[in-house]
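Per-entry structural report
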Amino acid sequence: HAKLFLRGGHVYIEDLGSTNGTFVNDQQITDTQLHDGDYLKVGDTVLKMVSGSSIDSKFQDDMYRLTTIDSLTQAFNKRYFLQRLDDELKRCLRYGREVSLAMFDIDHFKKVNDTYGHQAGDTVLRDLSKNVANLVRVNDVFCRYGGEEFAIILPESSLDDATVACEKIRKAIEEYTFSHNDTQIPITISIGVKTLDPSAGDITPNEMIEAADK
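An account of the accompanying structure is given in this report. (Residues numbered from 1 in each chain as written. Predicted model: local features only at pLDDT ≥ 70, side-chain atom pairs only at ≥ 80, totals over all residues. Heavy atoms only, no water.)

It is worth spelling out the packing of helix H4 (residues 118–135) against helix H5 (residues 159–175) at this point. Closest axis-to-axis distance for the H4/H5 pair is 10 Å, and the angle between their directions is 145°. The two elements H4 and H5 meet at a crossing, and its hand is right-handed. Across the interface between the two elements, Leu128, Asn131, Val132 and Leu135 of H4 pack against Lys168, Ile169, Ala172 and Ile173 of H5. A breakdown of the residues in the contact of H4 with H5 according to their chemical character gives 6 nonpolar, 1 polar and 1 charged. (Axes fitted to C-alpha atoms, helices over the stretch in contact; angles between N-to-C directions. Helix = DSSP H or I, 4+ residues; strand = E, 2+ residues; numbered from the N terminus. Left-handed = near helix turned anticlockwise from the far one by under 90°. Contact = heavy atoms within 4.5 Å. Nonpolar A, V, L, I, M, F, W, Y, C, P; charged D, E, K, R; others polar.)

What follows is the structure in structure tokens.
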């Protein structure tokens, strides 16, 4: 349809004989230089030209969210979780402070999807995430690990502290009324917790996850 290229340190766009044309700021073009803030229309797609020096904070925030936040649940995604877990494990050993990891999943979630439908399953995941996000501490990191499995990193938390926090979450989910299209859906979760004591030595994120899972 069109190609973008550099010429003399500037960005240009050239239409490649497309049937419906290439437009910059609603003007059809054949070959033109793009400037910061220009809108480029290719078929039904509209793109905005932004230079590195002018990207505003909202755009950066949006890009950050796209790369770190799970779109369905609004919890942090697996990529962010693995990076933060690695950071927290290293911090634990460096400063001699315990860190705990909780892994939990929804009991019999396949049955929820099979009985009530996948849209109901999505509703459950969203509502569960909202509840958990309101219960974790500011410094805790709540993530969607995948499917119906979630994780919470609890910095500077002993096993007892983490167990108390997780029991509070487990009970809250058990008592919450999940529903979809006016149909109530009973939901419970199961949680596993692993705490790293700095004196125990090094451990990899995967080993920590596996231990919490068990």
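Having seen it, we continue.
An α-helix turns once per 3.6 residues; consequently, residues spaced three or four apart project the same way. Taking 1.5 Å of rise per residue, 17 residues should cover 24 Å, and H5 covers 24 Å from first to last C-alpha, within 8% of that figure. Looking at the buried positions of H5, the neighbouring elements they touch are strand E8 (99–106), H4, strand E10 (149–155), strand E11 (178–180) and strand E13 (189–196). (Expected span 1.5 Å × (residues − 1).)

With that out of the way, let us pick up the side chain of Ser129. Mapped onto the elements, Ser129 comes out in helix H4. Here the side chain of Ser129 touches Leu125 through a polar contact of 2.9 Å, landing on its backbone oxygen. Residues contacting Ser129, with those up to four places away along its chain left out, are Thr73, Phe142 and Phe150. (Polar contact = N/O pair within 3.5 Å; in protein donor to acceptor, adjacent residues only side chain to side chain.)

All right, on to the pairing of strand E6 (residues 39–42) then. Looking along a regular strand, one sees the side chains alternate between the two faces of the sheet. One ladder, built from 3 bridges, connects strand E3 (residues 22–24) with E6; its direction is antiparallel. Paired with Thr22 across the strands is Val42, a residue of E6. The pairing of E6 with strand E7 (residues 45–48) spans 4 bridges and is classified as antiparallel. Within E7, the position partnered with Val42 by the bridge is Thr45. Linking E6 to E7, which pair antiparallel, is a turn of 2 residues; within it Gly43 sits at a positive phi near 60°. (Pairing = 2+ DSSP bridges.)

Take the pattern of salt bridges next. Going through the model one piece at a time under the given rule, you end up with 12 salt bridges. Among the salt bridges present, the one from Asp70 reaches Arg144, with a minimum N-O distance of 3.2 Å. Here the residue Asp70 occupies a position in the loop between helix H1 (57–68) and helix H2 (78–95), and Arg144 occupies one in strand E9 (residues 141–146), the gap between them amounting to 74 residues. Of the two residues, Asp70 and Arg144, both sit in the buried class. (Salt bridge = Lys/Arg side-chain N within 4 Å of Asp/Glu carboxyl O. Buried < 20%, exposed > 50% of the residue type's maximum accessible area, 1.4 Å probe, protein only.)

A few words on the environment of Gln83. By secondary structure assignment, the location of Gln83 is in helix H2. Residue Gln83 is classed as partly exposed on the basis of its relative accessible area, which comes to 45%. Separated by 38 residues in sequence, Gln83 and Gly121 have C-alpha atoms that sit 28 Å apart.

Let's shift gears to the packing of aromatic side chains. Inspection of every chain in the model, using the stated rule, returns 7 aromatic pairs. Relative to Tyr80, the ring of Phe76 lies with its centre 4.1 Å away and its plane at 20°, an arrangement referred to as stacked. Pairing Phe104 with Phe150 gives two aromatic rings, centres 5.4 Å apart and planes at 15°, and the pair type is stacked. Separated by 46 residues along the polypeptide, Phe104 in strand E8 and Phe150 in strand E10 bring together distant segments of the chain. The pair Phe104 / Phe150 is uniform in exposure class, with both members buried. Connected via pairs of aromatic rings, a cluster forms that spans Phe104, Phe142 and Phe150. (Phe/Tyr/Trp six-rings, centres within 6.5 Å; stacked < 30°, edge-to-face > 60°.)

Let us now look at the packing of helix H3 (residues 109–116) against H4. How two helices sit against one another is set out by the angle between their axes and by the gap between those axes. The interhelical angle for the contact between H3 and H4, taken along N-to-C directions, is 135°, at an axis separation of 6 Å. Classified by the interaxial angle, the pair formed by H3 and H4 is oblique. Judged by residue contacts, Phe109, Val112, Asn113 and Tyr116 of H3 engage His118, Ala120, Gly121, Val124 and Leu125 from H4. Here the contact of H3 with H4 is built from residues that sort into 6 nonpolar, 3 polar and no charged. (Parallel < 35°, antiparallel > 145°, perpendicular 65-115°, else oblique.)

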